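Chain and residue survey
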Amino acid sequence: MVHSVELLFDADTEARLRRIWADLAAADVSGRVPTGRPHVTVAVAERIAPDVDELLLPIARQLPLPCSVGAPLLFGQSNAVLARLIVPTSELLALHAAVHRVCGPHLRPGPLPHSLPGHWTPHVTLARRIEG
């Protein structure tokens, strides 16, 4: 199990994303539709020390940020992840970099590479384990 720092959506956007999840489930998509809340993961590691929560408070004060939900994406080829892009604005990228500056020393054994600034694709997952 990994730990993560996540951004949540406003109520209207969350409701729209949940409708997409419901439509995918009703269409019997060959993957697994998420069961938690729609979110954007900004940092992820095997373990994040709990004292990072307080350190992130100044960054959290920058929220909410406007966002645009963009095009569909597939990550991987077999057992792929179906997602929608979160259009990366300069504000979102700056917030992401700030989270990593603060969290870096508290991520054990270190951040997962795909979550690092310069390697991160902001997205919201729609379904996992989509077959080719």
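Refer to the structure above for everything that follows.
Predicted model only: the values in this text are computed from it and were never measured.

What follows concerns unusual backbone geometry. A cis geometry characterises the amide bond from Leu63 onward to Pro64, with omega recorded as 5°. Within the secondary structure, Pro64 sits in the loop between α3 (57-60) and β3 (69-75). Following Arg108, the chain continues to Pro109 via a peptide bond in cis, the omega torsion being -5°. Along the chain, the position of Pro109 falls in strand β5 (residues 107-111). At Asn79, a position not held by glycine, the phi torsion is positive, near 55°. Structurally, the position occupied by Asn79 is in the loop between β3 and β4 (80-86). Within the chain, Arg129 stands out as a residue other than glycine whose phi angle is a positive 60°.

Strand order in the open sheet formed by three strands is β1-β2-β5, with antiparallel pairing between adjacent strands. In the strand order of this sheet, the two ends are held by β1 (3-8) and β5, each with one partner. Across the sheet, the axes of successive neighbouring strands diverge by a mean angle of 30°, strand direction being ignored. Relative to β5, strand β2 (residues 39-48) runs antiparallel, the two sharing three bridges. The residue bridging Ala45 from the neighbouring strand is Pro111, located in β5. Here helix α4 (residues 90-103) sits on the sheet in contact with β1, β2 and β5, set at roughly 15° to β2.

Conventions and cut-offs
- Residues numbered from 1 in each chain as written.
- Predicted model: local features only at pLDDT ≥ 70, side-chain atom pairs only at ≥ 80, totals over all residues.
- Heavy atoms only, no water.
- Helix = DSSP H or I, 4+ residues; strand = E, 2+ residues; numbered from the N terminus.
- Pairing = 2+ DSSP bridges.
- Axes fitted to C-alpha atoms, helices over the stretch in contact; angles between N-to-C directions.
- Contact = heavy atoms within 4.5 Å.

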